[in-house]
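# Structural overview
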Amino acid sequence: MMSADYPRSQMAIPVRHPLVHHVNKWVRAVPLYVMLLPTIAYFVIFTYYPLLHSIFISMQNFNLIGNRPYVGLHNYRHVLTDPTFWSSFENTLFLGISILLIGFVAPIIMALSLNEVLSSWLKRTVQMVIYLPHLFSWVVVGGLWIQLLAPDGGLVNAVLQVMGIAPVQFMSDPNLARWVIILVSVWKDVGFNTVIYLAAMVGINPALYESARVDGANRWHEMGYITIPSLARTMQVVGLLSIMGVLRLFDQIYVMRNAVIEPQVNVLMTYVYDMGFQEMNIGRATASALLILIFTLILTLFTQRLIRVDHS
Amino acid sequence: MRRKKQVGQAAFTTLNVVFLVLIAATMIIPLWNAVAESFSGSFASMRPGILMWPRDFSLSGYTTIWTVLDLWQPFENSVIVSVLGTLLHVLLSALAGYALAQSGMPGRRFVTGLILITMMIPFEAIMIPFYITMQQLGLLNSLAALILSGMVSGFSVLLMRNFFLSIPGDILESAKIDGAGHFRMFWQICMPLSKAGLATVGLFEFVGRWNNLLTTILLINDSTKNTLQVALNALISGGSSTSSGYLITTNVKMAGIIIAILPLIIAYPFAQKYFVRGIFLGANKE
């Protein structure tokens with residue numbers, strides 16, 4: 001019986017229509033799509049739908065309750081002629097570029113310095129300690145630094161006083177406050193990026209260092225010709241993540257701003273929030289958010305392109 | 001010549017260590033200062049001066065937080081949202097990651113693209129239509145809304161997919177021959193083999209949820225549903241008195257900060273290695 005069946009089933013294969021095969025492939029994938037269903041549903045409902053919806057909202061005089069007349073591009077025109085929008089834009093550039101530059105260099109220096117430490121106990125302890133602030137929320141970090149820098153009772157001013165320096169009003173002088181925000185931001189993330197660089201350093205081929213040493217290279221040569229060039233790819237990843245990060249600047253500003261310094265530290269994302277939830281102008285807030293999103297996408301694509309060109 | 005080099009070497013090593021210790025001190029001293037202040041007496045904590053040890057040791061900062069300011073409710077809300085949200089997030093990311101790791105799945109490239117694009121859209125940029133979507137679903141002012149937001153993320157799905165891709169193919173093949181379906185392969189073979197990946201995603205998500213501020217200030221407008229971070233922010237930035245006229249001294253504020261970071265500090269030594277690994281696994285998008 002087996003031998004009688006055998007040739008028939010062998011013949012059936014070429015007869016099978018390619019469409020059947022195609023349908024079967026999808027039928028077999030049904031369990032996989034069941035697994036994907038919650039994820040796809042989440043992104044459709046909470047990312048793509050809001051994104052699409054925001055195009056309509058941005059062209060409406062949108063009231064949370066009541067009528068929502070269409071006003072065309074009026075909201076966009078208003079945002080683009082709003083001096084507050086442009087000052088937030090300028091603040092984002094200033095704070096963002098400063099955080100990017102300092103925040104890019106600092107962890108590289110930290111990682112190179114840690115890499116020279118021979119005692120593994122010291123190395124591990126410093127690594128653990130500098131990573132800590134990255135774990136904390138902006139409410140905690142902002143609160144800590146506002147207290148540390150307070151003119152009355154803050155630790156920093158207490159130390160300055162011992163050194164004979166008059167109390168400094170860090171958080172009520174806009175120019176100082178801007179630098180406080182930049183440096184606290186770097187302070188929070190330096191450990192995180194340092195750990196990334198250190199992990200990348202472990203992957204460098206030790207034979208490179210050995211052959212360099214044979215050729216009489218010193219510490220600085222090794223650093224300049226082996227370590228730093230080997231980190232190029234990691235630097236690109238860290239840089240790209242940081243660019244995305246500064247454009248999303250919100251929590252830190254929301255926590256650390258006060259009425260006196262707001263004009264100098266408000267950024268694009270706080271503009272969107274304030275426009276939407278303090279002034280209750282949903283349409284304009286959405287229009288500005290879309291403008292920022294387009295700007296972000298262009299910048300991200302541009303940077304990615306730049307990195308790819310540079311890489312090949 | 002050689003001696004000079006050795007002296008230079010020693011000087012460099014010493015300077016290097018001093019530099020690192022100084023940097024580490026900028027991280028430790030603020031924390032230690034906060035601990036010292038949180039255990040100080042109410043008015044002692046407000047007096048200017050360098051405070052590195054509790055002044056008039058007292059637990060009044062902590063007792064005020066729990067009894068007078070009732071931070072217990074927000075703390076409980078934060079625990080509920082963080083724990084349930086993280087469990088859900090890990091499960092959904094793993095399910096989606098498993099599906100996307102199956103090379104034979106039709107439409108795989110399209111779905112992967114759909115998920116990758118979401119990674120380019122910052123949440124902040126869609127916060128207003130997101131709020132409106134939640135309003136349309138009638139979920140505003142509920143903990144369910146907080147659990148639901150960020151239920152899954154492109155980063156976590158990719159990380160889990162990359163983790164599943166690294167499972168040796170022959171293990172899966174033999175299970176397939178035994179007649180295991182996808183759900184059984186996922187639950188009985190892939191999940192137990194991916195504990196490190198699950199821990200990584202879970203830790204990132206837990207820390208992110210515990211620290212989250214924006215989602216709560218957007219969606220919650222009812223103080224009984226507030227999370228710890230929002231309550232703490234109100235406490236810290238609310239000046240030195242609440243609406244009820246109660247004076248909030250520095251020791252109370254710092255006690256709040258210590259309470260908010262304690263769960264993270266406890267988990268940190270166990271979690272340290274996963275944080276680095278996660279970044280590298282998630283960065284591979286090919």
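All figures in this text were calculated on a predicted structure; none of them were measured in a lab.

## Some thoughts on the overall build of chain B
- In terms of regular secondary structure, chain B is built from 13 helices and 0 strands.
- Here the C-alpha atoms of chain B give a radius of gyration of 25 Å, more than 25% beyond the 19 Å that 2.2 N^0.38 yields for 286 residues.
- With the C-alpha coordinates of chain B rotated into their principal frame, the extents come out at 75 × 70 × 35 Å.
- Restricting to contacts in chain B with at least 6 residues of sequence separation, those with at least 24 account for 71%.
- Looking at chain B as shown, the accessible area adds up to about 13,100 Å², and 66% of this sits on carbon and sulfur atoms.
- When the 18 basic and 11 acidic side-chain charges of chain B are each reduced to a single mean position, those positions are 15 Å apart.

## So, the environment of valine 238 of chain A
All names here are of chain A.
- Looking at the secondary structure, you find valine 238 in helix α12 (residues 232-247).
- C-alpha separation for the pair valine 238 and alanine 289, spaced 51 residues apart in sequence, amounts to 25 Å.
- In this view, valine 238 contacts Asn193, Ile196 and Tyr197; residues no more than four positions away in its chain are not counted.

## Section: the packing of aromatic side chains
All names here are of chain A.
- Taken as a whole and assessed by the stated rule, the structure comprises 32 aromatic pairs over all chains.
- Ring geometry for tryptophan 86 and phenylalanine 89: centres 5.4 Å apart, planes at 75°, overall edge-to-face. Taken together, the residues span about one helical turn, with tryptophan 86 and phenylalanine 89 both in helix α5 (residues 83-115) at a distance of 3 residues.
- Exposure remark for tryptophan 86: the relative accessible area of 37% places this residue in the partly exposed category.

## Here's the deal with the domain arrangement of chain A
All names here are of chain A.
- Parsing chain A into structural domains produces domain 1 (13-58) and domain 2 (82-311).
- Just the C-alpha atoms count here: the centres of domain 1 and domain 2 sit 39 Å apart.
- Domain 1 puts 5 residues into the contact, and the matching count from domain 2 is 6 residues.
- Of the roughly 390 Å² buried between domain 1 and domain 2, counting both surfaces, carbon and sulfur atoms make up 83%.
- Summed over the shared surface of domain 1 and domain 2, the result is 0 salt bridges.
- Here domain 1 is connected to domain 2 by 0 residue pairs in polar contact (both at pLDDT 80 or more).
- Each residue belonging to the side of domain 1 that touches domain 2 can be placed in one class, and the counts come to 3 nonpolar, 2 polar and no charged.

## Regarding the interface of chain A and chain B
- Counting from both sides, the interface comprises 86 residues of chain A and, opposite them, 96 residues of chain B.
- With both sides pooled, the region where chain A packs onto chain B buries about 8,100 Å², and carbon together with sulfur makes up 79% of that total.
- Its largest share of buried area at the contact with chain B, chain A owes to Met35, Phe46 and Leu135 of chain A, together 9% of the area lost on that side.
- Here chain A and chain B share 1 salt bridge between them.
- As a salt-bridge pair, glutamate 124 of chain B and arginine 248 of chain A come within 2.9 Å of each other at their nearest N and O atoms.

## Here we look at the pattern of salt bridges
- According to the stated counting rule, one finds 7 salt bridges over all chains in the structure shown.
- Because the salt bridges share partners, they merge into one network encompassing Arg257, Glu262 and Asp274 of chain A.

## Notes on unusual backbone geometry
- Phi is positive for methionine 280 of chain A, close to 55°, though the residue is something other than glycine.
- Inspection of the secondary structure assignment puts methionine 280 of chain A in the loop between α15 (268-278) and α16 (282-311).
- A residue is classified by how much of its surface remains accessible, and methionine 280 of chain A, at 44% relative accessible area, is partly exposed.
- The backbone of asparagine 141 of chain B sits at a positive phi, close to 60°, despite the residue not being glycine.
- Here asparagine 141 of chain B shows up in the loop between α5 (127-136) and α6 (143-148).

## Looking at the side chain of histidine 89 of chain B
Residues and elements named next belong to chain B.
- Mapped onto the elements, histidine 89 comes out in helix α3 (residues 72-100).
- On the basis of relative accessibility, which here comes to 1%, the residue histidine 89 falls in the buried class.
- Within the structure, the side chain of histidine 89 is placed 2.9 Å from the backbone oxygen of glycine 150, a separation counted as a polar contact.
- With residues up to four places along the chain from it excluded, the contact list for histidine 89 reads Gly150, Met151, Val152, Ser153, Ser156, Val201 and Glu205.

## Structural notes on the packing of helix α7 (residues 154-165) of chain B against helix α10 (residues 195-211) of chain B
All names here are of chain B.
- The contact between α7 and α10 brings their axes to 10 Å, and the two run at 170°. With respect to α10, the axis of α7 lies roughly antiparallel. For the pair formed by α7 and α10, the contact residues are Ser156, Leu159, Met160 and Phe163 on the first element and Ala196, Gly197, Leu198, Thr200 and Val201 on the second.
- Residues that form the contact of α7 with α10 fall into these classes: 6 nonpolar, 3 polar and no charged.

## Some thoughts on α15 of chain A
- Summarising burial for α15 of chain A: 10 of the 11 residues are buried, a large majority.
- Note on α15 of chain A: the residue one or two positions beyond its end, methionine 280 of chain A, has a positive phi of about 55°.

## Quick look at the environment of glycine 276 of chain A
- Residue placement: glycine 276 of chain A occurs in helix α15.
- The spatial distance from the C-alpha of glycine 276 of chain A to the C-alpha of tyrosine 131 of chain A is 35 Å, given a sequence separation of 145 residues.
- The contacts of glycine 276 of chain A, once residues within four sequence positions are left out, are Asn281, Ile282 and Ala285 of chain A together with Ile128 of chain B.

## Here we look at the domain arrangement of chain B
Residues and elements named next belong to chain B.
- Split by domain assignment, chain B resolves into domain 1 (2-60) and domain 2 (62-284).
- A C-alpha centroid distance of 33 Å is found between domain 1 and domain 2.
- Summed over the three residues of domain 1 that lose the most area to domain 2, namely Ser38, Met46 and Ser60, the buried surface amounts to 41% of that side.
- Inspection of the domain 1/domain 2 interface yields 0 salt bridges.
- Run the count over domain 1 and domain 2 and you get 8 residue pairs in polar contact (both at pLDDT 80 or more).
- Among the elements that make up the side of domain 1 that touches domain 2, the one with the highest residue count is helix α1 (residues 2-38) (5 residues).
- Partitioning the side of domain 1 that touches domain 2 into residue classes produces 7 nonpolar, 6 polar and 1 charged.

## A few points about the environment of phenylalanine 186 of chain B
- On the secondary structure map, phenylalanine 186 of chain B appears in helix α9 (residues 182-193).
- For the pair phenylalanine 186 of chain B and phenylalanine 164 of chain B, spaced 22 residues apart in sequence, the C-alpha separation works out to 9.5 Å.
- Those residues in contact with phenylalanine 186 of chain B, other than ones at most four positions away along the chain, are Met35 of chain A together with Ala94, Leu95, Tyr98, Phe164 and Met191 of chain B.

Parameters at a glance
- Residues numbered from 1 in each chain as written.
- Chains lettered and ligands numbered in written order.
- Predicted model: local features only at pLDDT ≥ 70, side-chain atom pairs only at ≥ 80, totals over all residues.
- Heavy atoms only, no water.
- Helix = DSSP H or I, 4+ residues; strand = E, 2+ residues; numbered from the N terminus.
- Rg over C-alpha atoms; globule rule 2.2 N^0.38 Å.
- Contact = heavy atoms within 4.5 Å.
- Areas by Shrake-Rupley, 256 points an atom, 1.4 Å probe, with all protein chains shown as cover.
- Lys, Arg positive; Asp, Glu negative; His and termini not counted.
- Charge placed at Lys NZ, Arg CZ, Asp CG, Glu CD.
- Phe/Tyr/Trp six-rings, centres within 6.5 Å; stacked < 30°, edge-to-face > 60°.
- Buried < 20%, exposed > 50% of the residue type's maximum accessible area, 1.4 Å probe, protein only.
- Domains from an automatic or database assignment.
- Buried area = accessible area lost by both parts, 1.4 Å probe.
- Salt bridge = Lys/Arg side-chain N within 4 Å of Asp/Glu carboxyl O.
- Polar contact = N/O pair within 3.5 Å; in protein donor to acceptor, adjacent residues only side chain to side chain.
- Nonpolar A, V, L, I, M, F, W, Y, C, P; charged D, E, K, R; others polar.
- Axes fitted to C-alpha atoms, helices over the stretch in contact; angles between N-to-C directions.
- Parallel < 35°, antiparallel > 145°, perpendicular 65-115°, else oblique.

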